[in-house]
Amino acid sequence: MNPDPSASVQRDSDGRLRHLITLEGMSRDEIVALLDLAQFYVREPGDLPARDQSLAGQTVANLFFEPSTRTRVSFELAAQRLGAEVVNLDMHSSSRVKGETVLDTIYTLQAMRADILVMRDAEPGLPAYVARFVAPHVSILNAGEAHLSHPTQGLLDALTVRQTKGDFTKLRVLIAGDISHSRVARSAWQVFKSLGVAELRIAAPADLMPNKNEFAGARRFENIDDAIRGADVVMALRIQRERIRGAQMPDETSYHRTFGINAQRLKLAAPGAIVMHPGPMNRDVEISSEVADGPQSVIQRQVANGVAVRMAVLATIARNVQARRHFQ
Ligand code: ASP
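These figures come from a predicted structure and were not determined experimentally. In every chain, residue numbers begin from 1 and rise along the written sequence. Confidence filtering applies because this is a predicted model: local features only for residues at pLDDT of at least 70, side-chain atom pairs given and counted only at 80 or more, and all residues used for totals across whole chains, interfaces and linings. Side-chain measures here rest on the full set of heavy atoms in the structure, leaving out hydrogens and waters.

A. Fine view of the site of the ligand. Around the ligand, the neighbouring residues are Arg120, His150, Arg183, Val184, Arg238, Gln240, Pro278, Gly279 and Pro280. Under this definition, polar contacts are N or O atom pairs within 3.5 Å; protein pairs additionally need one hydrogen-donor-capable and one acceptor-capable atom, and for neighbouring residues in sequence, both atoms have to be side-chain atoms. Here arginine 238 contributes a side-chain N or O atom positioned 2.8 Å from an oxygen atom of the ligand. The side chain of glutamine 240 places a nitrogen or oxygen atom 2.8 Å from an oxygen atom of the ligand. In short, Shrake-Rupley with a 1.4 Å probe defines the accessible areas, and a residue's cover is counted only from the protein chains shown. Within the complex, 91% of the 260 Å² of free accessible area of the ligand lies under protein. One heavy atom within 4 Å of a molecule or strand is enough for the residue carrying it to be called near that molecule or strand.

B. Focus on the pattern of salt bridges. Put simply, a salt bridge is a Lys or Arg side-chain nitrogen that is within 4 Å of an Asp or Glu carboxyl oxygen. Scanning the model with the defined rule gives 19 salt bridges in all. Ionic pairing is found between arginine 16 and aspartate 14, a salt bridge with its closest N-O pair at 3.1 Å. Whether a residue is buried, partly exposed or exposed follows from its accessible area with a 1.4 Å probe, protein chains only, as a fraction of its type maximum: under 20%, in between, or over 50%, in that order. Note on arginine 16: relative accessible area 23%, which makes it partly exposed. Between glutamate 199 and arginine 201 there is a salt bridge whose closest N-O contact spans 2.5 Å. An identical accessibility class is assigned to glutamate 199 and arginine 201; each is buried. Overlapping salt bridges bring together Asp12, Asp14 and Arg16 as one network.

C. Structural detail: a nonpolar patch on the surface. A cluster of nonpolar side chains, Tyr107, Tyr129 and Phe133, forms an exposed patch at the surface whose accessible area comes to about 280 Å². Within the secondary structure, phenylalanine 133 sits in the loop between helix H5 (126-131) and strand S4 (139-145). Classification of phenylalanine 133 by relative accessible area gives partly exposed; the value is 38%. The patches reported here contain residues having more than 30% relative accessible area and no salt bridge. Joining distances are 9 Å for like charges and 5 Å for nonpolar side chains (Val, Leu, Ile, Met, Phe, Trp, Tyr). Here a strand is any run of E in DSSP of at least two residues, a helix any run of H or I of at least four, and the numbering for each starts at the N terminus.

D. Just helix H6 (residues 151-165), in detail. Multiplying one less than the number of residues by 1.5 Å gives the expected span of a helix. Between its first and last C-alpha, H6 extends 21 Å over 15 residues, near the 21 Å set by a 1.5 Å rise per residue. Counted residue by residue, H6 has 11 buried out of 15 residues, so it is predominantly covered. All of the buried residues along H6 are Pro151, Thr152, Gln153, Gly154, Leu155, Leu156, Asp157, Ala158, Leu159, Thr160 and Val161. Phi turns positive one or two residues past the end of H6, at glycine 166, with a value near 75°.

E. Spatial organisation of the packing of helix H2 (residues 28-41) against H6. Only the stretch in contact is used when fitting a helix axis, every axis being a line fitted to C-alpha atoms; angles between N-to-C directions are given from 0 to 180 degrees. Put simply, H2 and H6 touch, their axes get as near as 10 Å, and they point 70° apart. Comparing their axes, H6 and H2 come out roughly perpendicular. In contact with Ile31, Val32, Leu34, Leu35, Asp36, Ala38 and Gln39 of H2, H6 contributes Leu155, Ala158, Leu159, Arg162 and Gln163. By residue class, the composition of the contact of H2 with H6 is 8 nonpolar, 2 polar and 2 charged. For classification, angles of less than 35 degrees are called roughly parallel, those exceeding 145 degrees roughly antiparallel, those between 65 and 115 degrees roughly perpendicular, and all remaining angles oblique. Here, residues are in contact when the closest pair of their heavy atoms is within 4.5 Å. Lys, Arg, Asp and Glu make up the charged group, whereas Ala, Val, Leu, Ile, Met, Phe, Trp, Tyr, Cys and Pro make up the nonpolar group; the residues left over, Gly among them, are polar.

F. Structural detail: the sheet that holds strand S1 (residues 59-64). At least two DSSP bridges between two strands are required for those strands to pair. The strand order across the open sheet built from 4 strands is S2-S1-S3-S4, with neighbouring strands paired in parallel fashion. Where the open sheet ends on each side, the last strands, each with one partner, are strand S2 (85-89) and S4. In this sheet, neighbouring strand axes are inclined to one another by 15° on average, regardless of whether the strands run parallel or antiparallel. By the bridge criterion, 5 bridges tie S1 to S2 in an arrangement that is parallel. Bridge pairing in S2 links asparagine 62 to asparagine 88. Sitting on the sheet, helix H3 (residues 70-81) touches S1, S2, strand S3 (116-121) and S4, and the angle it makes with S1 is about 175°.

G. Helix H9 (residues 252-259), seen in detail. Buried residues of H9: Tyr255, His256 and Phe259, and no others. Seen from one end, H9 has its buried residues packed into an arc of 105°, which puts them on one side. For H9, the exposed residues set more than 90 degrees away from the buried face come down to Thr253 and Arg257. The arc in question is formed by the directions pointing from the helix axis toward the C-beta atoms.

H. Representation of the packing of aromatic side chains in the model. Only Phe, Tyr and Trp rings take part, Trp by its six-membered ring, and two of them pair if their centres are within 6.5 Å. Stacked means planes under 30 degrees apart, edge-to-face means over 60, and tilted covers everything else. The tally for this structure, following the rule as stated, stands at 5 aromatic pairs. Pairing phenylalanine 168 with phenylalanine 192 gives two aromatic rings, centres 6.3 Å apart and planes at 45°, and the pair type is tilted. With phenylalanine 168 in the loop between H6 and strand S5 (172-176) and phenylalanine 192 in helix H7 (residues 183-194), this pair connects stretches of sequence that are 24 residues apart. On the basis of relative accessible area, phenylalanine 168 is assigned to the buried category, the value being 9%.

I. Spotlight on the packing of H6 against H7. In contact at an axis separation of 8 Å, H6 and H7 are set at 55° when each is read in the N-to-C sense. When the axis of H6 is compared with that of H7, the two are oblique. In the crossing of H6 with H7, the sense of the turn from one axis to the other is right-handed. Facing H6, whose interface residues are Pro151, Gln153, Gly154, Leu155, Asp157, Ala158 and Val161, H7 presents Val184, Ser187, Ala188, Val191 and Phe192. Broken down by class, the residue content of the contact of H6 with H7 amounts to 8 nonpolar, 3 polar and 1 charged. For any pair of crossing helices, the crossing counts as left-handed if the nearer helix is rotated counterclockwise from the farther one by less than a right angle, and right-handed if it is rotated clockwise.

J. Inspection of the side chain of threonine 316 at higher detail. When you line up the elements, threonine 316 lands in helix H12 (residues 299-326). Overall, threonine 316 belongs to the buried group, its relative accessible area being 11%. Beyond its immediate stretch of four places on either side in the chain, threonine 316 contacts Leu34 and Leu37.

K. Representation of the environment of alanine 216. If you trace the backbone, alanine 216 turns up in the loop between strand S6 (199-203) and strand S7 (219-221). Residue alanine 216 is classed as exposed on the basis of its relative accessible area of 55%. Here the alpha-carbon distance between alanine 216 and arginine 241, two residues 25 residues apart in the chain, equals 25 Å.

Next comes the structure, spelled out in C-alpha cells:
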C-alpha cells in the first residue's frame, strides 16, 4: 500500500520520474543517482558554474504563490545553466488575484509551450492535483507544498551531509524546531530514512511536535539538550509563523533560551558535528548568530548545493520525458 498518492502521480507508466512532487516512495538508488548527478554539477567556490545544454529549447516557468528567495533563484539559475528559457511569474500581479484558477494559469503557460512548471503554494495537494491535468510534455516540480513537502530541499540537505559526513548509516541526525509545520523536516525525514541514517531525532516544544502517526521511527525529544547530545548533524528550523495561529506561537526570547541552537548547546553534539539551516534564518531565535556563522555551519554550502541539486532534478526529468517521447 502506498500511503502518499503523490508518489504514484509523479511517475509515468514505465515508473520513471516525470514530475517531482515528493521524496516519499523514492528508492535509495534513485536518490543516490540524483545526488551523484548533482555532485557532477558542483563547483568549488570561485570557479565558474557548471553548464550544459540538457534543457536546450525548453522553457521553465517559476510559479511561486508563497515567498521565496533561495529556492526561486536557484531554480532560475539551474534552468538557465542548462540552456533553458526561464519565465518568472509575479504571482501578486498574476491572474490568480483576479480569480483565475491555478489550472487555468497552468493551461495558459502550457499553451505557450512551457515544459517544466516549478510551483510553490500554501495549499496541500496542489502540485499532485495539477500534475494530473497537464499535457504529456509538461512536468511539475514541487518547490514547497504547504507544510508537507519540499523535495529539492531534502535532496540538497542529503547532498550536504554526504559531502561533509560521508556514510549515512553511521550518522545521528537531529532536526530541531517547528517540526509540526515544516515541509523541510518532512522531506528531510523521507530522504534520510531512504538513505539509512543510523538514528533520526526530532526535537520540538510540545506545541510544535507533529502527530504521533508522522515521522515513524524517529526519536522524539522535547528537551533540546537531550536531543543534541551526540548528534552528528544538527538541523535548525524556523518557526513557521505564517502557518501558526494564536496560542501555539512561542515568545521568541524564551524560545531562544529554551530551544535555540547556541554555542554552548552545540558542545553537547558529537565532535565535528555540522549545523544546517534551510533559510531564511531568524538569528538569535532558533539559532544564534555565533553558530550560524561559526566553523561548524554548512549553511552556505547548502545554498550552493541547491543550484546543483536543481540542475540534477531538471536534467533528469527532461531526460525521462524525452525518453518517453522517443518510444511513443
Ligand atoms: N525555505 C524553507 C521553506 O520554504 C524553510 C522556511 O521557510 O522556513 O520551507
